[in-house]
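Topology and contacts: notes
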Amino acid sequence: MFFLSALLLAAAAAPQAGIIEFDAADYPRHTVDFALEAEPCSKNGIKDVLFSSELRWQGAKRKSSSGRIRLLRQWTKHIGDIEAAARYGEERSFVEGGNVYWAVAPEGLIPYLEMDLRPGDKLIIYFVFVGCEGGRPLFAIEEYAEPEHYDAIDEQDVVI
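Residues numbered from 1 in each chain as written. Predicted model: local features only at pLDDT ≥ 70, side-chain atom pairs only at ≥ 80, totals over all residues. Heavy atoms only, no water.

1. Let's talk about the sheet that holds strand β1 (residues 45-63)
If you walk around this closed barrel you meet the 5 strands as β1-β2-β3-β5-β4, and the pairing is mixed. Averaged over all pairs of adjacent strands, the angle between strand axes in this sheet comes to 50 degrees, irrespective of strand direction. Where strand β4 (residues 122-133) meets strand β5 (residues 136-145), 9 bridges bridge the pair, whose relative direction is antiparallel. Residue pairing in the sheet places Val 128 in a bridge with Ala 140 of β5. (Pairing = 2+ DSSP bridges. Helix = DSSP H or I, 4+ residues; strand = E, 2+ residues; numbered from the N terminus. Axes fitted to C-alpha atoms, helices over the stretch in contact; angles between N-to-C directions.)

Structure follows, in structure tokens:
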């Protein structure tokens with residue numbers, strides 16, 4: 001369902017030299033907590049680690065702080081696409097095991113997320129663990145998909 005929307009978004013983009021095609025196999029499946037244990041935010045800076053996780057959409061939104069935007073600029077410069085930082089500015093919330101996490105989403109993906117998902121919907125998110133700012137992680141959403149096995153909503157997964 002929503003994986004198709006994201007694929008349509010990707011297909012609509014004009015092919016550009018140097019663009020690497022999305023491959024879900026490049027994003028090992030972990031919980032967000034596992035990713036944070038493996039790469040703790042003990043110091044600020046870029047991490048640039050790919051992983052995927054099954055979470056529930058909460059859908060709250062907020063603007064990224066100036067510090068997080070600065071980290072995004074450092075990351076996009078690090079990966080050789082400094083112009084990409086301008087496509088990120090809003091964060092969306094997700095829930096995993098009672099914990100709320102925030103991730104920046106590229107502006108072109110946000111309408112699909114909002115169209116395809118309602119609070120409590122489960123999805124797989126393909127993240128880049130961009131790095132840490134102020135001791136807090138910054139994740140960027142690269143892609144999303146429906147989980148292989150969709151369970152009914154567990155009330156413990158919905159955080160209000």
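More follows now that the structure is in view.
2. A few points about the state of the cysteines
Tallied over the full model, the rule gives 1 disulfide. Bridging Cys 41 to Cys 132, the disulfide has an S-S length of 2.0 Å. Judged by the torsion about the S-S bond (-75 degrees), the Cys 41/Cys 132 disulfide is left-handed. Of this pair, Cys 41 sits in the loop between α2 (32-38) and β1 while Cys 132 sits in strand β4, placing them 91 residues apart in sequence. Residue Cys 132 is classed as buried on the basis of its relative accessible area, which comes to 1%. (Disulfide = S-S within 2.5 Å. Buried < 20%, exposed > 50% of the residue type's maximum accessible area, 1.4 Å probe, protein only.)

3. Brief notes about the side chain of Arg 56
When you line up the elements, Arg 56 lands in strand β1. Here the side chain of Arg 56 touches Gly 120 through a polar contact of 2.8 Å, landing on its backbone oxygen. (Polar contact = N/O pair within 3.5 Å; in protein donor to acceptor, adjacent residues only side chain to side chain.)

4. Focus on the pairing of β5
β5 sits mainly inside the fold: 7 of its 10 residues count as buried. Alignment of strand β3 (residues 99-106) against β5, held across 2 bridges, turns out to be parallel. Paired with Ala 103 across the bridge in β5 is Phe 139. Counting the residues between successive antiparallel strands, the hairpin from β4 to β5 contains 2 residues, one of them, Gly 134, with a positive phi of roughly 65 degrees.

5. Regarding the pattern of salt bridges
Under the definition given, this model contains 8 salt bridges. Linking Glu 91 and Arg 62 is a salt bridge whose minimum nitrogen-to-oxygen distance equals 3.0 Å. Here Glu 91, found in strand β2 (residues 88-96), pairs with Arg 62, found in strand β1; they are 29 residues apart in sequence, far enough to count as distant. A relative accessible area of 0% means that Glu 91 is categorised as buried. Here Arg 87 ties to Asp 81 by a salt bridge, and the two come within 3.4 Å at their closest N and O atoms. Given the relative accessible area of 29%, Asp 81 is considered partly exposed. Three or more residues joined by partner-sharing salt bridges are found here, namely Lys 63, Glu 90, Arg 92 and Glu 114. (Salt bridge = Lys/Arg side-chain N within 4 Å of Asp/Glu carboxyl O.)

6. Remarks on the packing of aromatic side chains
Aromatic ring pairs are described here by two measures, namely the spacing of the ring centres and the angle between the planes. Under the defined criterion, the tally for this structure stands at 9 aromatic pairs. Summarising the aromatic geometry, the rings of Phe 22 and Tyr 126 are spaced 5.1 Å apart at their centres and angled 75 degrees between planes, so their arrangement reads as edge-to-face. A residue pair is termed long-range when its members are at least 10 positions apart, and Phe 22 in the loop between α1 (2-12) and α2 and Tyr 126 in strand β4 qualify at 104 residues. For Tyr 126, a relative accessible area of 8% puts it in the buried group. An angle of 70 degrees between the planes, with centres 6.2 Å apart, marks the rings of Trp 75 and Tyr 88 as edge-to-face. (Phe/Tyr/Trp six-rings, centres within 6.5 Å; stacked < 30°, edge-to-face > 60°.)

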